[in-house]
Amino acid sequence: MKKQQQKKYINEGETMQKCSDELKQNLVRWRHYLHQHPETAFQEFETGKLIIDNLKSWDWVVTEGVGKTGIVASLTAGDSSACIGIRADMDAINLQEQGEISYASDVSGKMHGCGHDGHVVMLLGAAKMLSETRNFNGTVRLVFQPSEEPGGGAKAMIADGLFERFPMDEIYGLHNAPFLRAGKIRTRVGGIMASEDKFKIRITGKGGHASSPHEGIDPFVCFAEIYLALQTIVSRTANPLHPLVISCTEIKSDGAPNAIPTNIVVKGDVRSYSEANQRLVEDRMRSIVESVCRMNNAVGEVSYTREFIPLINSEECVVHAGKAAQAVAGIDNVELNGEPWMASEDFADFLKVVPGCFVLLGSGQEDSNNIPLHSPFYDFNDDILTIGTEFWTEFVAQRLR
């Protein structure tokens, strides 16, 4: 984009609506309440009640139970048939919170360790502002999605007729990013978040006493060779210009400190941006496991599942999101061709049905060792609640001008 065009976006945004002091206080209050009362996949009942009660009081038309615990809210102004959707994920994760904050999780083993509490609140704040101004021409649909963390929430809403019952021309989403400075907004055309595949490798040898390894078949020796060989898929088989990550993350055995096990089970995770690499990894993994185990007189089996597809942004939708981002955050704080992220998001399933765009909103503090997502010490940065709320409000005003 030309510099002159970028400046024009800023001029347009100078009259955009700002969060009132009262709304800012409510954003923080709602966020702390949700953080203190986390609910995991398809159990977002109290979270849903907070959303529904507020939306109904602001005259949004609300439909509950879309894809189990999902919520869709609609608001129409003017006479245009144009319709856009904005999605926020609602679920927490299964993790014991260890941070020392006054509103820490009241639910043992569950916490908002990924910031979905903040995502919900920013969209709620935008809903409040849009209901007051109605400075748009068309229909806005807010999609509050369950079960993003384990996946399945987007698919459940789609299977329940999301896009047939609530037609949308485009859909947009957002995630906070502690690795970006607070207030920066990043997006890109094409792939911005990766696919996720999961695998399980079972190796069966012959157990025995640790003092007599020659009398058994040690499955750990097999896995040591397999572990190193898996990394050659990335370094020597896949195209180095195409991102690919293979991680073994969990291992269990039926052995003991003085006993060689008979069985070990290894679980892990694969991230990429192409179906070709997904097929490559699965095929090579099976070949490696079977060959190494056969060479060592053991038996190897591989289970491989595809959990998330790559998230691919539409070029046109990136332009629209970029305009609003520049208006709210300023040209210097917006990356329209930022680096992709190897994390996964089931928002990608929505983009298989309608075009859209996913953006990352920085939440990191300067000169600070920022706590990453999914850490037991993570807490959403309240300072960006206003930015996210104003971004969604400005985006609707621009897109449905």
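Residues numbered from 1 in each chain as written. Predicted model: local features only at pLDDT ≥ 70, side-chain atom pairs only at ≥ 80, totals over all residues. Heavy atoms only, no water.

Going by what an unreviewed UniProt entry lists, the protein is known as Hippurate hydrolase and is assigned to Enterocloster citroniae.

Asker: Help me understand the overall build of the protein, please; the structure alone is not making it clear to me.
Answerer: Helix and strand counts for the protein stand at eleven helices and 16 strands. Taken over C-alpha atoms, the radius of gyration comes to 24 Å for the protein, in line with the 21 Å a tight globule of 401 residues would show. Dimensions along the principal axes, computed over C-alpha positions, put the protein at roughly 80 × 45 × 45 Å. For the protein, the residues scored as buried account for 55% of the 401 residues in total. (Helix = DSSP H or I, 4+ residues; strand = E, 2+ residues; numbered from the N terminus. Rg over C-alpha atoms; globule rule 2.2 N^0.38 Å. Buried < 20%, exposed > 50% of the residue type's maximum accessible area, 1.4 Å probe, protein only.)

Asker: Just checking my understanding: could you explain the confidence of the model for the protein for this structure?
Answerer: Predicted coordinates in regions of low pLDDT should not be interpreted in detail. On average, residues of the protein score 95 in pLDDT, and 96% of them reach the 70 mark or higher. This stretch, residues 1-14, has a pLDDT under 50; its non-local contacts, to residues over four places away or in other chains, come to 21 contacts. (pLDDT = per-residue confidence, 0-100. Contact = heavy atoms within 4.5 Å.)

Asker: Just to check I follow, could you spell out the environment of Arg-284 for this structure?
Answerer: Relative to the assigned elements, Arg-284 resides in helix 8 (residues 275-295). Accessibility expressed as a relative area gives 29% for Arg-284, which makes it partly exposed. Along the chain, Arg-284 and Leu-174 lie 110 residues apart, while their C-alpha atoms are 35 Å from each other. Not counting the four nearest positions on each side in its chain, Arg-284 is found in contact with Ile-233 and Thr-237.

Asker: What is the right way to read the sheet that holds strand 13 (residues 299-308) from this model?
Answerer: Strand-to-strand pairing in sheets goes through backbone hydrogen bonds, with the strands running parallel or antiparallel. Pairing within the open sheet is antiparallel, and its four strands lie in the order 10-12-8-13. This sheet does not close on itself; its edge strands, each paired only once, are strand 10 (244-253) and strand 13. Here the strands of the sheet are splayed against their neighbours by 20° on average, with no regard to which way each runs. Examined bridge by bridge, strand 8 (residues 195-204) and strand 13 share nine bridges and lie antiparallel to one another. Bridged to Glu-196 within strand 13 is Phe-308. Set on the sheet, helix 7 (residues 219-237) makes contact with strand 8, strand 10 and strand 12 (263-272); between it and strand 10 the angle comes to about 170°. (Pairing = 2+ DSSP bridges. Axes fitted to C-alpha atoms, helices over the stretch in contact; angles between N-to-C directions.)

Asker: Help me understand the nonpolar core, please; the structure alone is not making it clear to me.
Answerer: Core analysis: the biggest nonpolar cluster contains 81 residues, and Leu-55, Trp-60, Leu-142 and Phe-144 have the highest contact counts within it. When residues of this core are assigned to their parent elements, the largest contribution, nine residues, is made by helix 4 (residues 116-133). Apart from the residues within four sequence positions on either side, Leu-55 is in contact with Trp-60, Val-62, Ala-73, Leu-124, Ala-127, Leu-142 and Phe-144. (Core = buried A, V, L, I, M, F, W, Y, C linked by side-chain atoms within 4.5 Å.)

Asker: Whenever I open this one, the sheet that holds strand 15 (residues 334-335) confuses me. Can you help?
Answerer: Within the open sheet, the eight strands sit side by side as 1-2-4-3-5-16-6-15. Their pairing is mixed. At either margin of the open sheet sits one strand with a lone partner, and together these are strand 1 (61-66) and strand 15. Inspection of the sheet shows strand 5 (residues 170-181) paired to strand 16 (residues 356-364) by eight bridges, in the parallel sense. Each bridged residue has a counterpart across the sheet, and for Arg-181 the counterpart in strand 16 is Gly-364. Contacts between helix 3 (residues 45-57) and the sheet are confined to strand 1, strand 2 (70-77) and strand 4 (138-145), with strand 1 contributing the most and set at about 160° to the helix. Those strands touched by helix 4 are strand 2, strand 3 (83-89), strand 4, strand 5 and strand 16, and its axis lies near 145° from that of strand 3.

Asker: Could you clarify how one ought to interpret the UniProt feature "domain: Peptidase M20 dimerisation" (unreviewed entry) in the protein in this entry?
Answerer: Under the feature "domain: Peptidase M20 dimerisation" (unreviewed entry), the UniProt entry names residues 199-292. Here residues 199-292 is 39% helix and 32% strand, with 17 Å between the C-alpha atoms at its ends. (UniProt positions renumbered as here; feature names shortened; annotations may be inferred.)

Asker: Help me understand the pairing of strand 5 in this model?
Answerer: On a regular strand, one side chain projects to one face of the sheet and the next to the other, so that they alternate. Burial analysis of strand 5 places ten of its twelve residues in the buried class, the great majority of the element. Judged from the four bridges that link them, strand 3 and strand 5 form a sheet pairing that is parallel. Across the sheet, Gly-85 pairs through a bridge with Ile-171, a residue of strand 5.

Asker: Would you explain the state of the cysteines in this entry?
Answerer: Any covalent bond linking the sulfur atoms of two cysteines counts as a disulfide. Tallied over the full model, the rule gives zero disulfides. Cys-293 takes part in no disulfide bond, and the closest cysteine sulfur, belonging to Cys-222, lies 4.6 Å away. We classify Cys-293 as buried; its relative accessible area is 0%. (Disulfide = S-S within 2.5 Å.)

Asker: Explain the packing of helix 2 (residues 21-36) against helix 3 here, please?
Answerer: A pair of packed helices is captured by two measures, namely the crossing angle of their axes and the spacing between those axes. It is the contact of helix 2 with helix 3, at a shortest axis distance of 10 Å, that shows an interaxial angle of 155°. Overall, the two elements helix 2 and helix 3 adopt an arrangement that is roughly antiparallel. Touching Trp-30, Tyr-33 and Leu-34 of helix 2 are Glu-46, Thr-47, Leu-50 and Asn-54, all from helix 3. Here the contact of helix 2 with helix 3 is built from residues that sort into four nonpolar, two polar and one charged. (Parallel < 35°, antiparallel > 145°, perpendicular 65-115°, else oblique. Nonpolar A, V, L, I, M, F, W, Y, C, P; charged D, E, K, R; others polar.)

Asker: When you look at the environment of Ser-147 in this model, what are you seeing that I'm missing?
Answerer: Along the chain, Ser-147 turns up in the loop between strand 4 and helix 5 (153-159). Taking the C-alpha atoms as reference points, Ser-147 and Asp-89, 58 residues apart in sequence, are found 7.5 Å from one another. In this structure, Ser-147 is in contact with Ala-41, Phe-42, Glu-44, Asp-91, Gly-152, Gly-153 and Asp-346, ignoring residues within four places of it in sequence. Polar side-chain contacts of Ser-147 include one of 2.9 Å to the backbone oxygen of Gly-151. (Polar contact = N/O pair within 3.5 Å; in protein donor to acceptor, adjacent residues only side chain to side chain.)

Asker: For this particular structure, what's the right way to read the layout of surface pockets?
Answerer: Considering only enclosed or pocket space, the largest pocket measures out at about 710 Å³ in volume. As for the largest pocket, its lining consists of 29 residues, of which Cys-114, Glu-149, Arg-271, Ser-344 and His-374 are closest to the centre. Contributing elements (two or more residues each) for the lining of the largest pocket: strand 5, strand 8 and strand 13. The space that makes up the second largest pocket amounts to roughly 160 Å³. Taken together, Pro-178, Ser-363, Gly-364, Gln-365, Asn-369, Asn-370, Ile-371, Tyr-378, Asp-379, Phe-380 and Asn-381 make up the full set of residues lining the second largest pocket. Residues that form the lining of the second largest pocket fall into these classes: four nonpolar, six polar and one charged. (1 Å grid on protein atoms, 1.4 Å probe; cavity = no way out; pocket = protein on both sides within 12 Å on 5 of 7 lines; lining within 4 Å. Points joined across faces, edges and corners; volume = space filled by probe spheres on them.)

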